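Observations on chain architecture
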Amino acid sequence: MPSDNPPTTACDACRRRKVRCNAQQPCSRCQNAGLACRTTIVRRKKGRQGATATVLQELRKAPDHNEPTSTPSPKNTVLYGQFTRNQGLLTLSIVQSCAEYFFTRMLGTVPIMRPPTFQSHINRMTECLHSYCLVNAFCAFVFKQTGYASTLDPDGSKAPLGVALLDEAMAARRHLDPFAAPSRHGITIAFLLYGCQIGMGNQRQAYYFLREATTLYTAGMLDQPEAGQDEDPGGLFWLLLISERAHAIRRHRPITLQITPDSPLLDDTQLDPFNIGFRCLAELYRPFDQAFLSRWNGNELASSQELLIQREEHLQRAVPADLELPDILLADLRVSQQWLRTMIWQLATSAGFLSSTPSHPCLGFGYPLQIARDLSLATWKLSKESLETHGIGLVEKIFEITCTLTDVIACMPPAGMRSSSFDLGPQDYLKHLCTLIHGLPGGEIKFLPLLLAKLSQTLPSMLAPVTQHLNLPLPDAHTLPDIEAGSPIGIRGEWTRGFNWAEMSRIGDTTPENDRSVHLG
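Residues numbered from 1 in each chain as written. Predicted model: local features only at pLDDT ≥ 70, side-chain atom pairs only at ≥ 80, totals over all residues. Heavy atoms only, no water.

To continue, consider the overall build of the protein chain. Along the protein chain, the regular secondary structure elements total 22 helices and 2 strands. Here the protein chain holds 521 residues, and the buried ones make up 51% of them. Taking contacts inside the protein chain between residues at least 6 apart in sequence as the whole, the part at least 24 apart equals 73%. Surface summary for the protein chain: the accessible area is close to 24200 Å², and the carbon and sulfur share equals 52%. (Helix = DSSP H or I, 4+ residues; strand = E, 2+ residues; numbered from the N terminus. Buried < 20%, exposed > 50% of the residue type's maximum accessible area, 1.4 Å probe, protein only. Contact = heavy atoms within 4.5 Å. Areas by Shrake-Rupley, 256 points an atom, 1.4 Å probe, with all protein chains shown as cover.)

Here's what the structure looks like:
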């Protein structure tokens, strides 16, 4: 039976976990882990008790017969050690609607979890804090990262329910021991929180969770038997690799995951659209390795023209023009493909490889016009719902492509900008891409003001036609984001943090060939 005196030796839980106990009642380690702290008179026999993580998991699941029964407060329900679940927040209807949206639309681009695995977490929510945290993070991800939030919040400004679910997941996570559950659970939670923070524009927090997910993966803990047999480790590896490389290109961050002969392979025996679409997405990001990023970040000498051409041709093969998939899958594939082509052209620009007589189109001054044309034709064929599904990340890619297109059009003579009666021209592509940004979730608030400021500064002749096309009033100078004095690319504002306008606007930055008078027609 429990001792009436203050404990002078390690409590039962610390002794069994083989960690140092501060001999307080309760001790700090039990408080942090959400365990009942008690010291019995009879010591347990010494010997191997299994891995610390397994022991802690057993302790949490074991019923505590020595603790008095407590009644939940009216505001809360279900106690997990020191964490109290918020009553009425995560309802079954919310979970079911988020799961239906995700598993019918997102498995081809975010195969983080399969329906049977998610259902098992739902079943364990009341007894396992890891599962409760994961389900909250999953639902918050659907609200904040995808277009689902727009169905509850038509103005696109914010989704209070998504924020509340994220806060609940973060609160629960603070009471979790990362080694007390299969490592895949920790990776999944970290990745979902990364997506939530991206959707909210919190780039530093997002990078922290992405880095945590990749670090847990590279630690090799998925080799543990308890990691689960119903999920494909290859899918998780490639999802993390795609996310890390896309984030590294946008934010100039390092990467941890590399493709080696020992890297997991994707299952190529399943021919359903989701698996085909994800394999195409993985192929898009395959060549954007550490060598490319080192040159992209200016840490090494510029890549050779041959390597850039090889990467561009790889992008074309990865998603063929005649690929037939559902609109939801094609939306992310086509936008990502054109965005990565733009990144290759930007690197070629900074390296001084552009020419009026290029050996390959990607080394030509007018290559962004071809990219804009291909993206416009592709998105004209896609439903708006398929584009909305991929949330703010897809809008940001379109925004960066449009910024590059604006820079190129600004270098063209007026005659080259116009279209004929039957053929589309650069102005038409610009208007169409602006329409996409204006109409997709988050675009009107976060990116359109920046784009209009970009037009006002770089291509003022198109500001009135674009705003008229969008059925918007012509903005006054003071209504646009402030432009820093003496800097043609520096724009201040909450949503400009993390955008590297220098990477989007390199024309004329490095070589005399990139003079604004050059003919791009």
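Past the structure itself, the notes keep going.
Moving on, we get to the packing of helix α11 (residues 273–285) against helix α13 (residues 305–318). Two elements in contact, α11 and α13, have axes separated by 9 Å at closest approach and are oriented at 175°. Relative to α13, the element α11 lies roughly antiparallel. Taken together, the residues of α13 that come into contact with α11 (itself represented by C280, E283 and L284) are H314, L315 and A318. Split by residue class, the contact of α11 with α13 holds 4 nonpolar, 1 polar and 1 charged. (Axes fitted to C-alpha atoms, helices over the stretch in contact; angles between N-to-C directions. Parallel < 35°, antiparallel > 145°, perpendicular 65-115°, else oblique. Nonpolar A, V, L, I, M, F, W, Y, C, P; charged D, E, K, R; others polar.)

Let us now look at the pattern of salt bridges. Enumeration according to the criterion identifies 10 salt bridges in this entry. Between R311 and D289 there is a salt bridge whose closest N-O contact spans 3.3 Å. Remark: D289 occurs in the loop between α11 and α12 (290–296) and R311 occurs in helix α13; sequence separation between them is 22 residues. Residues D374 and R341 are paired through a salt bridge, measuring 2.8 Å at the closest nitrogen-oxygen approach. Here the residue D374 occupies a position in helix α15 (residues 367–380), and R341 occupies one in helix α14 (residues 327–350), the gap between them amounting to 33 residues. You can call D374 partly exposed: its relative accessible area is 23%. Taking relative accessible area as the criterion, R341 reaches 1% and is therefore assigned buried. A network of salt bridges, in which partner residues are shared, links E312, R341, R373 and D374. (Salt bridge = Lys/Arg side-chain N within 4 Å of Asp/Glu carboxyl O.)

Taking 1.5 Å per residue, 16 residues should reach 22 Å; helix α9 (residues 203–218) reaches 22 Å between its end C-alpha atoms and fits that length. The inward-facing, buried residues of α9 contact α7 (160–173), α8 (183–199) and α10 (233–251). (Expected span 1.5 Å × (residues − 1).)

Moving on, we get to the packing of aromatic side chains. In this structure the tally under the stated criterion is 15 aromatic pairs. Aromatic pair F191 and Y194: ring centres 5.7 Å apart, planes at 50°, arrangement tilted. Pair noted here: F191 and Y194 are both in helix α8, with a separation of 3 residues, about one helical turn. Residue class for F191 comes out buried when judged on its relative accessible area of 4%. Through successive ring pairs, a cluster of aromatic residues spans F102, F103, F118, F138, F141, F191 and Y194. The ring centre of Y207 lies 4.7 Å from the NZ or CZ of R253, which sits over that ring. (Phe/Tyr/Trp six-rings, centres within 6.5 Å; stacked < 30°, edge-to-face > 60°. Lys NZ or Arg CZ within 6 Å of the ring centre and 35° of its normal.)

Once that is clear, we can look at the state of the cysteines. Counted according to the given criterion, the structure contains 0 disulfides. Unpaired in this structure, C30 has its nearest cysteine sulfur neighbour in C27, at a distance of 3.5 Å. Assessed through its relative accessible area of 0%, C30 is described here as buried. No disulfide involves C139; its nearest neighbouring cysteine sulfur is the one of C98, lying 4.0 Å away. A residue is classified by how much of its surface remains accessible, and C139, at 0% relative accessible area, is buried. (Disulfide = S-S within 2.5 Å.)

At a minimum axis distance of 10 Å, the contact between helix α17 (residues 391–410) and helix α19 (residues 426–439) shows a crossing angle of 155°. On the basis of their axis angle, the class for α17 and α19 is roughly antiparallel. Once α17 is placed against α19, the crossing between them reads as left-handed. Residues V395, I398, F399, I401, T402, L405, T406 and I409 of α17 form the contact with α19, whose own contacting residues are P426, Y429, L430, L433, C434, L436 and I437. (Left-handed = near helix turned anticlockwise from the far one by under 90°.)

A few words on the side chain of S336. With respect to the element layout, S336 can be found in helix α14. Overall, S336 belongs to the buried group, its relative accessible area being 0%. Within the structure, S336 has its side chain in polar contact with the backbone oxygen of D332 (distance 2.8 Å). Apart from residues no more than four positions distant in its own chain, S336 is found in contact with L281, L284, Y285 and K397. (Polar contact = N/O pair within 3.5 Å; in protein donor to acceptor, adjacent residues only side chain to side chain.)

Bringing a nonpolar patch on the surface into the picture now. Together, L377, W380 and L424 make up a nonpolar patch on the protein surface, roughly 280 Å² of accessible area in all. Following the sequence through the fold, L377 ends up in helix α15. (Patch = residues over 30% accessible without salt bridge, like charges linked within 9 Å, V, L, I, M, F, W, Y side chains within 5 Å.)

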